[in-house]
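Residue-level structure breakdown
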Amino acid sequence: MKVLVIGGDGYCGWATALYLSNRGYEVGILDSLVRRYWDMQLGVDTLTPILPIQERIQCWQALTGKTIDLFVGDITDYDFLIKSLRAFEPGAIVHFGEQRSAPYSMIDREHAVLTQVNNVVGTLNLLYAMKEDFPDCHLVKLGTMGEYGTPNIDIEEGYITIEHNGRKDTLPYPKQPGSFYHLSKVHDSHNIHFACRIWGLRATDLNQGVVYGVLTEETGMDERLINRLDYDGVFGTALNRFCIQAAIGHPLTVYGKGGQTRGFLDIRDTVRCIEIAIANPAEAGEFRVFNQFTEMFSVGDLARKVQEAGKSLGLKVEIHHLENPRVEKEEHYFNAKNTKLIDLGLHPHYLSDALLDSLLNFAIKYKDRVNQNEILPKVTWRR
Ligand code: NAD
Ligand code: USQ
């Protein structure tokens with residue numbers, strides 16, 4: 001089957017494109033490379049040195065004999081998008097191609113607008129292109145667990161059955177996201193759901209938790225295939241940041257009390273979940289939602305786990321509680337369901353297996369590339 005990976009030059013997208021290619025899917029990558037540009041504008045860089053996308057793909061082809069088609073352009077440009085889809089003719093589209101940092105979206109008005117225009121217009125263009133020319137194509141869209149926020153009841157997978165004044169219905173689960181970025185995902189979900197209802201498109205929304213780790217079978221085959229690993233205060237995510245902080249002897253930056261609890265998963269499970277979704281497509285007209293994470297941790301728990309793992313490598317790791325730059329609950333109930341992907345065959349990797357091999361050892365190997373000035377958070381929600 002032909003699978004187009006939108007955002008295939010990014011962290012989740014690159015690992016997924018190679019994983020699918022290795023398993024016999026015909027893969028195309030579509031990416032505007034804008035993420036590399038945003039890094040340059042912010043003056044930040046991935047911990048791991050990544051090659052230009054063309055060289056990454058050439059290396060993959062030379063090593064495996066498998067080709068990957070490349071389309072460089074922006075999905076908010078409808079002409080470019082429709083031409084690329086017609087040239088590639090995908091059976092499934094995996095859509096990672098969005099601005100994905102909550103702090104980036106909270107810098108100021110311009111960054112909030114950029115995030116929502118980029119994400120909502122890109123996805124809307126894709127829905128129209130599918131309706132026009134590829135109505136049977138399966139859209140696998142990356143959403144986020146952050147769409148739900150932190151309600152004081154269990155989080156279901158996309159829908160909740162409610163009884164009200166003696167009547168009963170199954171409705172989209174209420175959303176209370178915590179940033180203009182997370183809100184853009186809610187807006188996408190509504191648009192995709194609507195397009196499935198009115199045009200009969202088929203879509204799976206993967207509400208993914210925070211991804212950690214850098215190693216997958218394919219990206220580990222050769223140094224030139226290495227994946228990006230962000231550690232800065234804008235694009236770096238909690239656990240990846242903590243491991244890199246531990247490697248350079250910087251105290252771990254727990255925001256506030258540290259009771260903020262989220263769903264997490266290994267990048268090796270991200271790529272497998274995408275394959276599972278593609279292999280078990282949604283029905284025509286169906287908007288299916290899977291919660292894509294394997295374990296739940298508070299950020300305080302994570303910091304303590306990194307401290308312990310650091311000890312075994314001789315690292316002395318301190319934990320600091322910084323004033324929280326975000327507006328979020330620091331102690332709360334969090335219990336989210338995640339059985340649908342497991343029922344379809346996901347065998348999770350657990351954090352205890354990944355901390356050293358897929359994180360701390362990489363962090364130590366590349367620690368000389370760390371820019372210490374980019375570790376502390378600079379963006380605040382309150383301004
Ligand atoms: P990333 O920034 O590493 O990659 C995103 C890629 O999309 C980049 O290469 C970028 O150039 C491209 N892109 C962005 N806007 C585009 C546009 N308009 N047209 C074409 N290409 C565009 O991000 P990531 O960490 O790989 O995240 C991928 C997706 O997964 C995002 O939608 C994100 O919201 C979601 N997600 C990520 C995580 C995580 O922990 N990284 C967790 C949950 C969900
Ligand atoms: N946090 C710290 N210290 C840090 C960094 C973060 O305590 O140094 C805390 C944050 O305050 C927050 C939690 O850790 O409570 C998660 O923050 P994060 O930056 O790791 O993740 P988040 O902003 O939620 O965004 C990331 C991805 C995003 C994805 C989301 C999944 O960047 O694309 O949608 O994870 S989820 O968190 O489930 O919504």
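Residues numbered from 1 in each chain as written. Chains lettered and ligands numbered in written order. Predicted model: local features only at pLDDT ≥ 70, side-chain atom pairs only at ≥ 80, totals over all residues. Heavy atoms only, no water.

1. A few points about the sheet that holds strand β11 (residues 261-266)
Strand order in the open sheet formed by three strands is β9-β11-β13, and the pairing between neighbours is mixed. Edge positions in the open sheet fall to β9 (210-212) and β13 (295-298), since each of these has one partner strand only. Ignoring which end each strand starts from, the neighbouring axes of this sheet average 45° apart. (Pairing = 2+ DSSP bridges. Helix = DSSP H or I, 4+ residues; strand = E, 2+ residues; numbered from the N terminus. Axes fitted to C-alpha atoms, helices over the stretch in contact; angles between N-to-C directions.)

2. Things to note about helix α2 (residues 34-42)
Regarding α2, the residues found buried are Arg35, Trp38 and Asp39. One side of α2 carries all its buried residues, which in axial view fall inside an arc of 100°. Pointing more than 90 degrees away from the buried face of α2 are the exposed residues Met40 and Gln41. Elements in contact with the buried residues of α2: α5 (102-105) and α6 (109-133). (Buried < 20%, exposed > 50% of the residue type's maximum accessible area, 1.4 Å probe, protein only. Arc of directions from axis to C-beta. Contact = heavy atoms within 4.5 Å.)

3. As for the environment of Leu359
As for its position among the elements, Leu359 is in helix α12 (residues 351-365). A relative accessible area of 1% means that Leu359 is categorised as buried. Residues Leu359 and Leu33 lie 326 residues apart in sequence; the distance between their C-alpha atoms is 25 Å. Once residues within four sequence positions are removed from consideration, Leu359 is found in contact with Tyr212, Gly213, Leu229, Leu239, Asn240, Cys243 and Ala354.

4. Examining the pairing of strand β5 (residues 138-144)
Judged by how many residues are buried, β5 sits mostly within the fold: seven of seven residues are covered. By the bridge criterion, four bridges tie strand β4 (residues 92-95) to β5 in an arrangement that is parallel. Counted as the bridge partner of Ile93 is Leu139 from β5. Of the strand pairs in this sheet, β5 and strand β8 (residues 202-208) are connected by seven bridges, and their pairing is parallel. Bridging from a neighbouring strand, Leu139 pairs with Ala203 of β8.

5. Describing the pattern of salt bridges
A complete count under the given rule lists 27 salt bridges for this structure. One salt bridge in this structure joins Lys141 and Glu98, with 3.6 Å as the shortest N-O distance. Placement of the pair is Lys141 in strand β5 and Glu98 in the loop between β4 and α5, with a sequence separation of 43 residues. An identical accessibility class is assigned to Lys141 and Glu98; each is buried. It is possible to trace a salt-bridge network through shared partners that takes in Arg35, Asp39, Arg100, Arg228 and Asp230. (Salt bridge = Lys/Arg side-chain N within 4 Å of Asp/Glu carboxyl O.)

6. Structural notes on helix α7 (residues 180-199)
With 20 residues, α7 extends 28 Å from end C-alpha to end C-alpha; this agrees with the ideal 28 Å at 1.5 Å per step. Within the sequence span of α7, burial applies to Tyr181, His182, Ser184, Lys185, Val186, Asp188, Ser189, Ile192, His193, Ala195 and Cys196. Capping the start of α7, Ser179 holds a side-chain oxygen 3.2 Å from the backbone nitrogen of Tyr181, two or three residues further along. Where α7 ends, the next residue or the one after it, Gly200, has phi of about 75°, a positive value. (Expected span 1.5 Å × (residues − 1). Polar contact = N/O pair within 3.5 Å; in protein donor to acceptor, adjacent residues only side chain to side chain.)

7. Things to note about the sheet that holds β4
In space, the seven strands of this open sheet follow the order β3-β2-β1-β4-β5-β8-β12, with parallel pairing throughout. A strand with exactly one partner marks an edge of an open sheet, and here the two such strands are β3 (68-72) and β12 (287-292). Averaged over all adjacent pairs, the angle separating strand axes in this sheet is 20°, with direction ignored. Inspection of the sheet shows strand β1 (residues 2-6) paired to strand β2 (residues 26-31) by five bridges, in the parallel sense. Across the sheet, the residue bridging to Leu4 is Gly28, located in β2. Helix α9 (residues 267-279) rests against β1, β4, β5, β8 and β12 of the sheet, and its axis sits at about 145° to β5.

8. Let's talk about the site of ligand 2
Taken together, 23 residues lie near ligand 2, and Thr144, Tyr181, Ala238, Thr253 and Glu328 sit nearest. At a separation of 2.9 Å, an oxygen atom of ligand 2 approaches a polar backbone atom of Tyr255. Within the side chain of Glu328, an N or O atom sits 2.6 Å from an oxygen atom of ligand 2. For ligand 2, the protein covers 95% of the area, taking 730 Å² as the surface of the free molecule. Looking at the shell around ligand 2, the elements that each hand over two or more residues are α7, α8 (238-248) and β10 (252-255). (Near = heavy atom within 4 Å. Areas by Shrake-Rupley, 256 points an atom, 1.4 Å probe, with all protein chains shown as cover.)

9. Some details on the side chain of Asp39
Mapped onto the fold, Asp39 is located in helix α2. Of note is the side chain of Asp39, whose polar atom sits 3.0 Å from the side chain of Arg35. When residues no more than four places from it in sequence are discounted, the contact partners of Asp39 are Val44, Thr46, Arg228 and Phe235.

10. Re the site of ligand 1
For ligand 1, the set of nearby residues contains 27 residues, the closest of which are Asp31, Arg100, Asn118, Tyr181 and Lys185. Interatomic distance of 3.3 Å between a backbone N/O atom of Gly10 and an oxygen atom of ligand 1. The contact in question runs from an oxygen atom of ligand 1 to an N or O atom on the backbone of Val34, over 3.2 Å. For ligand 1, whose free accessible area comes to 830 Å², the fraction covered by protein is 98%. At the level of elements, α1 (11-22), α2, β5, α7 and β9 are the ones that each hand at least two residues to the shell around ligand 1. Considering only residue class, the shell around ligand 1 consists of ten nonpolar, nine polar and eight charged. (Nonpolar A, V, L, I, M, F, W, Y, C, P; charged D, E, K, R; others polar.)

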